[in-house]
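# Per-entry structural report
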There are 2 protein chains.
Amino acid sequence: SANPHLEAMDEDVLYHLDLGTRTHDLPAMFGDVKFVCVGDSPSGMRPFAELMQQELGLGGGGGRPADLCAGTDRYATFRAGPVLTVSHGMGIPSISVMLHELIKLLHRAKCRDVTIIRIGTSGGLGMEPGSVVITDTAVDSFFQARFEQAVLDAVVVRSTELDKGLAEELLRCSEELHDFLTLIGHTMCTYNFYEDGALCSFSSEKKLEYLKRAYNAGVRNTEMESTAFAATCGLCGLKAAIVCVTLLDRLEGDQTRAPRAVLLEYQQRPWRLIAAFIEERLGLAVKT
Amino acid sequence: SANPHLEAMDEDVLYHLDLGTRTHDLPAMFGDVKFVCVGDSPSGMRPFAELMQQELGLGGGGGRPADLCAGTDRYATFRAGPVLTVSHGMGIPSISVMLHELIKLLHRAKCRDVTIIRIGTSGGLGMEPGSVVITDTAVDSFFQARFEQAVLDAVVVRSTELDKGLAEELLRCSEELHDFLTLIGHTMCTYNFYEDGALCSFSSEKKLEYLKRAYNAGVRNTEMESTAFAATCGLCGLKAAIVCVTLLDRLEGDQTRAPRAVLLEYQQRPWRLIAAFIEERLGLAVKT
């Protein structure tokens, strides 16, 4: 953490996580965390935490992992051994609030050598739906590798590069799973999921032309958190990666037509990749 | 709705609400909605929906209102007579996705004369914690009454004025309740809840000086959705209001020290105000 004020505070309340330095022994609760996996919806992250619990052989005693921040429903937080799972909601402001409190949490808990991975779903560009994209660089809607953050009434521009070595390590893990297409590419972060629809202000043709330009700029998928995630983790020295499955090919249209069961299987692809990666890091056998 | 494409679509999937024109009879489900109340957390909105159910004398048969979008936990949606309650998560992108699908929903359901109110919590400026602010104008972090929205790779600037008559009507209702301070003022919408903390890039003094300038510009509270809410509802011709309680006075510091029970009572103040407003609109007796 890069905050001189932190040490000066007698108490630190992580309001949205419903945790605090006076109310919780953070080093005891979180000090041994080595991997943090974040994703948008609470119901999406709980089964991932359950999968990690099984894969790491922590099922003993059984039962679902408990939400460590049960006092709030803004974010859900689960533990499975050294893996902490946190939901972050939709969009940059929501993930920024969570990352801010998470980074303070990791600092207060005295965690060391933490790898953080955002896993989720996204819109794809020019690939078969169900393909998985590992992000090398997050770009904004102008295809620029930057995150513009308002700090009071000034705008600070931050870099959005992610850890290249980590991305390649993840790609190698996916090649060992070899049951879905995985590639490394740029991820475009948008402020609004819909640029059309109820508030249509341009033609479908114009949008398709824009998405083709994005593709030609190296963008392979679009979501709503990558630039803030990359910039914030980079600034705080956390090794970070983004692994998102694509639910559709936006060059073919923006309404998801696949049945929910198919979408759920797609959603689990990044989970299996991350599980394999963490098992390899921990020196456990990869289950396939 | 201002979207020529809508009529042309054979099917419209409201993905994040888990509703669709082919899977749901939207006019039958939602056609008689007259009031839409939105707020950030699902657990915050359910008790509000329960309160509305009681206040409108719809408790008959009892039971908690069911989440109409149970297939997703991104947003929670409840009905109490003509009152639809929807959660929107934190920040502009999250509320934008919900508003987009909600506005399509109201259009598809053929709703008429809908009043939409955002209720929530906020940081106050220069007022006793627990005071309620009715927003006349939402401003950005530069104190400007504008919402800059990226549409593809262009930036569109929209107005953030709210309905003055509706704001005054709400103020009159609060005067009838006369048990907490309510006032009309500007609301400042920020992209990040924390401009300091883990990523501190300026001094507390600089922040306090900024917040004082905001106060002098007429800002009475700060939250994270108001500019997008005001601009989107205005653009679609929905009469809209924002009513937020202040949990603390940011001029006195940014950590909430009040016990959770006190914060919960604060949170209920806008609910009681909106309940009184809706009862008055429906010609029911105001319970005090």
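Structure: above.
Every chain is numbered on its own, with residues counted from 1 as its sequence reads. Chain letters start at A and ligand numbers start at 1, both assigned in the order the entries are written. Local features in a predicted model are, by the rule used here, given only for residues with pLDDT of at least 70; side-chain atom pairs are given and counted only at 80 or more, and totals for whole chains, interfaces and linings are based on all residues. To get the side-chain values, all heavy atoms of the structure are used, and hydrogens and water are removed first.

Our next topic: the overall build of chain A. Looking only at helices and strands, chain A has eight helices and 12 strands in total. By residue count, 58% of the 288 residues in chain A fall in the buried class. Contacts were defined at the residue level, with two residues in contact if any of their heavy atoms lie within 4.5 Å. Here the contacts in chain A between residues at least 6 apart in sequence split such that 76% fall between residues at least 24 apart. Each accessible area is a Shrake-Rupley result for a 1.4 Å probe, and residues are judged covered by the shown protein chains and nothing else. By element, 52% of the accessible surface of chain A is carried by carbon and sulfur atoms, the whole surface being about 11,000 Å². Labels follow the DSSP assignment, with helices taken as runs of H or I lasting at least four residues and strands as runs of E lasting at least two, numbered in each case from the N terminus. Accessibility here uses a 1.4 Å probe with only protein chains present; expressed as a share of the type maximum, an area under 20% marks a residue as buried, one over 50% as exposed, and anything in between as partly exposed.

Let's shift gears to the packing of helix α4 (residues 92-108) of chain B against helix α7 (residues 226-235) of chain B. All names here are of chain B. Helix axes are fitted to C-alpha atoms over the stretch in contact, other axes to C-alpha atoms as well, and angles between N-to-C directions run from 0 to 180 degrees. Contact pair α4 / α7: the axes reach a minimum separation of 9 Å and the direction vectors enclose 20°. What the angle tells us is that α4 and α7 run roughly parallel. The handedness of the crossing between α4 and α7 is right-handed. Of α7, the residues touching α4 (which contributes Ile92, Ile95, Ser96, Leu99 and Ile103) are Thr227, Ala228, Phe229, Thr232 and Cys233. An angle counts as roughly parallel when it lies under 35 degrees, as roughly antiparallel when it exceeds 145, as roughly perpendicular when it falls between 65 and 115, and as oblique in every other case. Helix crossings are classified by the rotation of the near helix relative to the far one: an anticlockwise turn of less than a right angle makes the crossing left-handed, while a clockwise turn makes it right-handed.

With that out of the way, let us pick up the packing of aromatic side chains. All names here are of chain B. Classification of ring pairs rests on two measures: the distance between centres of Phe, Tyr or Trp rings, Trp counted by its six-membered ring, which must be within 6.5 Å, and the angle between planes, read as stacked under 30 degrees, edge-to-face over 60 and tilted in between. Per the counting criterion, the structure on display carries six aromatic pairs over all chains. Each ring, one from Phe35 and one from Phe277, has its centre 6.1 Å from the other, and the planes form 85°; the classification is edge-to-face. Note that Phe35 is positioned in strand β3 (residues 35-39) and Phe277 in helix α8 (residues 260-281), a separation of 242 residues in sequence. In this pair, the class of Phe35 matches that of Phe277, namely buried.

A few words now on the pairing of strand β9 (residues 154-159) of chain A. On a regular strand, each side chain points to the face opposite its neighbour's, so the side chains alternate between the two faces of the sheet. All names here are of chain A. Strand pairing follows a simple DSSP-based rule, namely that at least 2 bridges must link the two strands. Summarising the sheet, strand β8 (residues 146-151) and β9 pair through six bridges and their orientation is antiparallel. For Val151, the partnering residue across the bridge sits in β9 and is Ala154. With antiparallel pairing between neighbouring strands as the criterion, β8 and β9 make up a hairpin whose turn holds two residues, including Leu152 at a positive phi of roughly 55°.

The next thing to look at is the side chain of Thr160(A). Residues and elements named next belong to chain A. With respect to the helices and strands, the residue Thr160 is situated in the loop between β9 and α5 (164-177). A polar atom in the side chain of Thr160 sits 3.4 Å from the backbone oxygen of Ala145. Here the side chain of Thr160 touches Arg146 through a polar contact of 3.4 Å, landing on its backbone nitrogen. Once you skip the residues sitting within four places of it in the chain, Thr160 turns out to touch Thr137, Ala138, Ala145, Arg146, Phe147, Thr227, Ala230 and Ala231. Here a polar contact is taken to be a pair of N or O atoms separated by no more than 3.5 Å, where protein atoms must pair a possible hydrogen donor with a possible acceptor and residues adjacent in sequence count only if both atoms sit in side chains.

Let us look at the packing of helix α5 (residues 164-177) of chain B against α8(B). How two helices pack is summed up by the angle between their axes together with the distance between the axes. Residues and elements named next belong to chain B. At a minimum axis distance of 9 Å, the contact between α5 and α8 shows a crossing angle of 110°. Classified by the interaxial angle, the pair formed by α5 and α8 is roughly perpendicular. Across from Leu166, Glu169, Leu170, Cys173, Ser174, Glu176 and Leu177 in α5, the residues of α8 making contact are Arg272, Leu273, Ile274, Ala276, Phe277, Glu280 and Arg281. Here the term charged refers only to Asp, Glu, Lys and Arg, the term nonpolar to Ala, Val, Leu, Ile, Met, Phe, Trp, Tyr, Cys and Pro, and the term polar to all other amino acids, Gly among them. Along the lines of polarity and charge, the residues of the contact of α5 with α8 split into eight nonpolar, one polar and five charged.

Quick look at the environment of Met52(A) now. Residues and elements named next belong to chain A. Tracing the sequence through the fold places Met52 in helix α3 (residues 42-55). Placed 222 residues apart in sequence, Met52 and Ile274 show a C-alpha to C-alpha distance of 9.0 Å. In this structure, Met52 is in contact with Ala80, Val83, Ala275 and Ile278, ignoring residues within four places of it in sequence.

By definition, disulfides here are pairs of cysteine sulfur atoms that lie within 2.5 Å. All chains considered together, the criterion is met by zero disulfides over all chains. Just so you know, Cys173(B) is unpaired, no disulfide at all, and the nearest cysteine sulfur is the one on Cys37(B), 12 Å from it.

Okay, a nonpolar patch on the surface next. The patches described consist of residues with a relative accessible area above 30% and no salt bridge, like charges being joined within 9 Å and nonpolar side chains (Val, Leu, Ile, Met, Phe, Trp, Tyr) within 5 Å. The rule for a salt bridge is simple: a side-chain nitrogen of Lys or Arg has to be within 4 Å of a carboxyl oxygen of Asp or Glu. Judged by side-chain polarity, Phe142(A), Val155(B) and Val157(B) come together as a nonpolar surface patch covering roughly 250 Å² of accessible area. Structurally, the position occupied by Phe142(A) is in the loop between β7 (132-139) and β8. Assessed through its relative accessible area of 32%, Phe142(A) is described here as partly exposed.

The subject of this paragraph is the environment of Cys37(A). All names here are of chain A. Tracing the backbone shows Cys37 in strand β3 (residues 35-39). Residue Cys37 is classed as buried on the basis of its relative accessible area of 1%. Not counting chain neighbours up to four residues away, the residues in contact with Cys37 comprise Met45, Phe48, Val83, Leu84, Thr85, Val86, Ile117, Ile119, Ile274 and Ile278.

A few words now on unusual backbone geometry. The residue Asp113(A) is not glycine, and still its phi comes out positive at about 50°. Along the polypeptide, Asp113(A) turns up in the loop between α4 (92-108) and β6 (115-124). Overall, Asp113(A) belongs to the exposed group, its relative accessible area being 69%. The phi dihedral of Lys110(B) is positive, around 60°, even though this residue is not glycine. Mapped onto the fold, Lys110(B) is located in the loop between α4 and β6 (115-124). With relative accessibility at 56%, the residue Lys110(B) sits in the exposed group.

All names here are of chain B. Inspection of the secondary structure assignment puts Ser87 in strand β5 (residues 83-87). Residue classification places Ser87 among the buried residues on the basis of a relative accessible area of 0%. Reaching out from Ser87, the side chain makes a polar contact with the backbone nitrogen of Ala76 at a distance of 2.8 Å. Discounting chain neighbours no more than four positions away, the residues touching Ser87 are Gly39, Asp40, Ser41, Pro42, Met45, Arg74, Tyr75, Ala76 and Met98.

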